[in-house]
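Next come the chains, spelled out residue by residue.
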Amino acid sequence: MSRRRQVYEGKAKILFEGPEPGTLIQYFKDDATAFNNQKKGVITGKGVLNNRISEYFMLRLHEINIPTHFMRRLNMREQLIREVEIIPLEVVIRNVAAGSIATRFGIEEGTQLTRSIVEFYYKDDKLGDPLVTEEHITAFGWATYQEIDEILNLSLRINDFLSGLLVSVGLKLVDFKLEFGRLWEDEEFRIVLADETSPDNCRLWDTKTGERYDKDRFRRDLGKVEEGYQEVARRLGILPESGPRDLRGTDTLQ
Ligand code: TMP
C-alpha cells in the first residue's frame, strides 16, 4: 500500500495526501460493510473493479459537463482526486422502489415510481444516517438552499445520463447514492460530485431477468457477489484485460 500520509479511512476507501496541495489519492479497498457496519466482509477484487467503474462513470459525466472531484486513475486501486469539502449528505436517487423506501412505505420491490425521487440522508454513522428534509439541512447549516438546488439539479442530470448509459448495456438503474463536495475555484465555491459511483452504491438489475448485479448480493447473502461486480464491468467493456483472475491485484501496480 502507498507510503503517503493517510488523511482519512472510511469503510471502503482510504484517502492519502496527494502529490500537490489540493489533491488527494483515493484508495479502493475490498472491504465491504452493510447495515451501518453491522455486517462486515471482503469482496475479492471489489476495490479494483470499483476504481475502474467509478473512473468510467466520472469520465463519461465530464463529457456532459458534470463537475466531479475525479482527476485520473493512477493504478489498479488508486485514483487522484481534488480535495473538496464534503457536504455531509448522502443523496439517494430512486427510479424503482427497492430497499429502504419499499420497507418504509410498504411498496413491493420492483414497483416503478411515477417520477424519480431524491432523498437526503445526514451522513453520520453514529446516528445511522437518518433521513432528513431541506429544513434540517438549512437549519443545521449543512448546505444552503442554493446548494441544495444545485445538488438536485446535478443529481437528476446524473440520473438521466447514467440510466440511459446503463440501459444500453441491459442494466436498470434502480437507485443510487451520491455525495457532493465544495471546491474552491475561480474565487467561489462550486458544488462537484465526489466519492465514487460503483455497484457499492447503486442497485443495478438486469433489464430482462431482474438479476441483481450490485452490493445487494452481499447485503442479502445472494451468493456470486464478486461475479456481480465483474458482470457490471464486463458489460461496460472495462473488465481488466487479464480477466477476473487478476482482480486480487497487487495494490498499486498499473
Ligand atoms: P436504501 O434503499 O438502503 O436506502 O439504499 C438506497 C441506495 O443507496 C442503494 O443503491 C444503496 C445506496 N446506499 C449507499 O450507497 N450507502 C448506504 O449507506 C446506504 C444505506 C445505501
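Refer to the structure above for everything that follows.
Right, let's walk through the structure included here. If you're wondering where the values come from, they're calculated on a predicted model, not measured in any experiment. (Residues numbered from 1 in each chain as written. Predicted model: local features only at pLDDT ≥ 70, side-chain atom pairs only at ≥ 80, totals over all residues. Heavy atoms only, no water.)

Before going further, it helps to spend a moment on the packing of aromatic side chains. Scanning the model with the defined rule gives five aromatic pairs in all. Look at Phe140 and Trp142: their rings are 5.2 Å apart centre to centre, the planes differ by 35 degrees, and that puts the pair in the tilted class. According to the relative accessible area criterion, Phe140 is exposed, its value standing at 55%. One aromatic cluster is present, built from ring pairs that chain together Tyr122, Phe140 and Trp142. The ring centre of Phe218 lies 5.1 Å from the NZ or CZ of Lys39, which sits over that ring. (Phe/Tyr/Trp six-rings, centres within 6.5 Å; stacked < 30°, edge-to-face > 60°. Buried < 20%, exposed > 50% of the residue type's maximum accessible area, 1.4 Å probe, protein only. Lys NZ or Arg CZ within 6 Å of the ring centre and 35° of its normal.)

Here the focus is the pairing of strand β2 (residues 13-17). For β2, the buried fraction is high: four of the five residues fall into the buried class. As judged from the three bridges shared by strand β1 (residues 6-9) and β2, these two strands associate in the antiparallel manner. Across the sheet, Tyr8 pairs through a bridge with Leu15, a residue of β2. Pairing analysis gives five bridges linking β2 to strand β3 (residues 23-28), with the strands arranged antiparallel. Its bridge partner being in β3, Lys13 is matched across the sheet by Phe28. The hairpin turn running from β2 into β3, its antiparallel successor, is five residues long, and Gly22 in that turn takes a positive phi close to 85 degrees. (Helix = DSSP H or I, 4+ residues; strand = E, 2+ residues; numbered from the N terminus. Pairing = 2+ DSSP bridges.)

For the rest of this paragraph, the subject is the pairing of strand β6 (residues 70-73). In this structure, β6 lies alongside strand β7 (residues 78-82), joined through three bridges in antiparallel fashion. By the bridge assignment for β7, Arg72 is matched with Leu80. Here β6 folds back onto β7, and the loop between the two strands holds four residues.

Spatial relationships are all this shows, so hold off on functional conclusions.
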